[in-house]
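Here is how the chains run, residue by residue.
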Amino acid sequence: MIDLDVVVESLPGLMDGFLNTLWLCLVSAILALVCGSLLALADRSGIGWLRVLIAGYTLTALSMPLLVLLYLLFFVLPEFGVTLSSNVVGVAGLALYYSPYVSQVILGALQAIPEGQFEAGKALGVPQTRLMIRLIIPQMLPLLLPSLTGLLIGLIKDSALLSIISVNEFMYASKVAVANTYAPLEIYIVVGLGYWLLTGLVDELLRKLEARSSRHFN
Amino acid sequence: MLSNLPVLLDGLLVTLQLTVMATLLSWAGGLLILLSQLSAFRTIRIPGRIYISLMRGTPSLLQLFLIFFSLPLVGLEGMPMLAAVLALGLNSAAYVAEILRANYRVVDPGQVEAAMAIGLSPLRTWLRIRLPQMITASRPALINEFTILLKTTPLASVVAVPELTYSGQLITARTFEATEVLLFVAAGYFVLAAPIILLGRKLQKSVQSPGGKGVS
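Residues numbered from 1 in each chain as written. Chains lettered and ligands numbered in written order. Predicted model: local features only at pLDDT ≥ 70, side-chain atom pairs only at ≥ 80, totals over all residues. Heavy atoms only, no water.

> Could you give me a rundown of the overall build of chain B, with the residues and numbers involved?
Looking only at helices and strands, one finds 8 helices and 0 strands in chain B. The linear arrangement of helices and strands in chain B, starting from the amino end, is α-α-α-α-α-α-α-α. By principal-axis analysis of the C-alpha atoms, chain B measures approximately 70 × 45 × 25 Å. Split into buried and exposed, the 216 residues of chain B put 45% on the buried side. Of all intrachain contacts in chain B linking residues separated by at least 6 positions in sequence, the fraction that spans at least 24 positions is 74%. For chain B, the accessible area works out to roughly 11,100 Å², and carbon and sulfur atoms hold 69% of it. A distance of 15 Å separates the average location of the 16 positive side-chain charges in chain B from that of its 9 negative side-chain charges. (Helix = DSSP H or I, 4+ residues; strand = E, 2+ residues; numbered from the N terminus. Buried < 20%, exposed > 50% of the residue type's maximum accessible area, 1.4 Å probe, protein only. Contact = heavy atoms within 4.5 Å. Areas by Shrake-Rupley, 256 points an atom, 1.4 Å probe, with all protein chains shown as cover. Lys, Arg positive; Asp, Glu negative; His and termini not counted. Charge placed at Lys NZ, Arg CZ, Asp CG, Glu CD.)

What follows is the structure, encoded as structure tokens:
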């Protein structure tokens, strides 16, 4: 029943899509990390109206399905004269969707750091950025990494949705292959294994990093 | 836009049905997978482990396509709703199993010993002592998983289940009013998801509150 020839025949296209998925995910993950950190910083700033704004944005973003967000960016922005390529919409959509999750994780990890450490740093005259880089962030990393790993894996899986707005990534390439070969099961099983390997590898690598980051705490 | 309201409300209803059915499947499936993980036999544990890993390691969209294209092989042709319920429910079941497993140890072994000492059967001990406390401790995570499931339901539009997103697309295709329709669709999900997210946060706080026993 399983015909491997059709898979071999579609392999070049699938590889191409796989590589595109890799860089799309990399760019959107970095963007989400930056935006999420900014959101967390703004939330800790203690400025009233800013915090209300962020709380509203977070709740809206957390209750919006990614597919609907992508459609909004793809179909509604052009009506306001902003026409973006589907690649840009895809990356922006993923980053927008994941940044509130990232910010929540960062805020959670920050809460675990005793307030006294910030006060001690201030009393000793250590500049804020230096305090963060040398003291606070190293302590946050072991708490952050497991959650961030989960989010990154979620992002990789969700990137498959970009195929719906015809971004040429792994899932899109597999749809093209299915349309050419009429062998959905064979193609999708192989593509599934590809995603499984990718997420498994990411999980394994970040677990190593996590073990390294917490080596001083055990 | 107003004349299209009934179609969108119908879609909202289908989204709700889809979410509820998939959630029930995910709870039943999650419990079964949890049991497989607690088994003393490796031949039962390992398939469960692989199932969890596969479900958590591949995109839901792909799982939906695989199920959608596999159903005709067992004689179930043209049933997109069934495919969507199965795909969303079976995917979520893997996460539910992991949540329950993480909270399996909240039950003090002393309680299980006490139940044994007063002659409660193992099954009763499980149902009356372990399970209720496990579920209470898992509530915030289960609610989080429920909102994620709700936010995954638009995928069903890809196989033409007439849920909220699909209804929106139908109207857009006919009237070219993308903005109004999409904003209504987004608002629909907000109305469904936001209260649940807020409830989850409240429960999370009650579980974490200092001195609290994790039971509110």
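> Any chance you could break down the nonpolar core for me, citing the residues and the numbers?
Counting residues in each nonpolar core, the largest one holds 89 residues, and the members touching the most others are A:Tyr98, A:Met140 and A:Met171. Among the elements that line this core, the one with the most residues is helix α4 (residues 86–111) of chain A, at 11 residues. If near-sequence neighbours (up to four positions away) are discounted, A:Met140 is found in contact with A:Ile106, A:Ala109, A:Leu110 and A:Ile113. Of all hydrophobic cores here, the second largest spans 9 residues; its members include B:Val96, B:Ile99, B:Trp126 and B:Met134. (Core = buried A, V, L, I, M, F, W, Y, C linked by side-chain atoms within 4.5 Å.)

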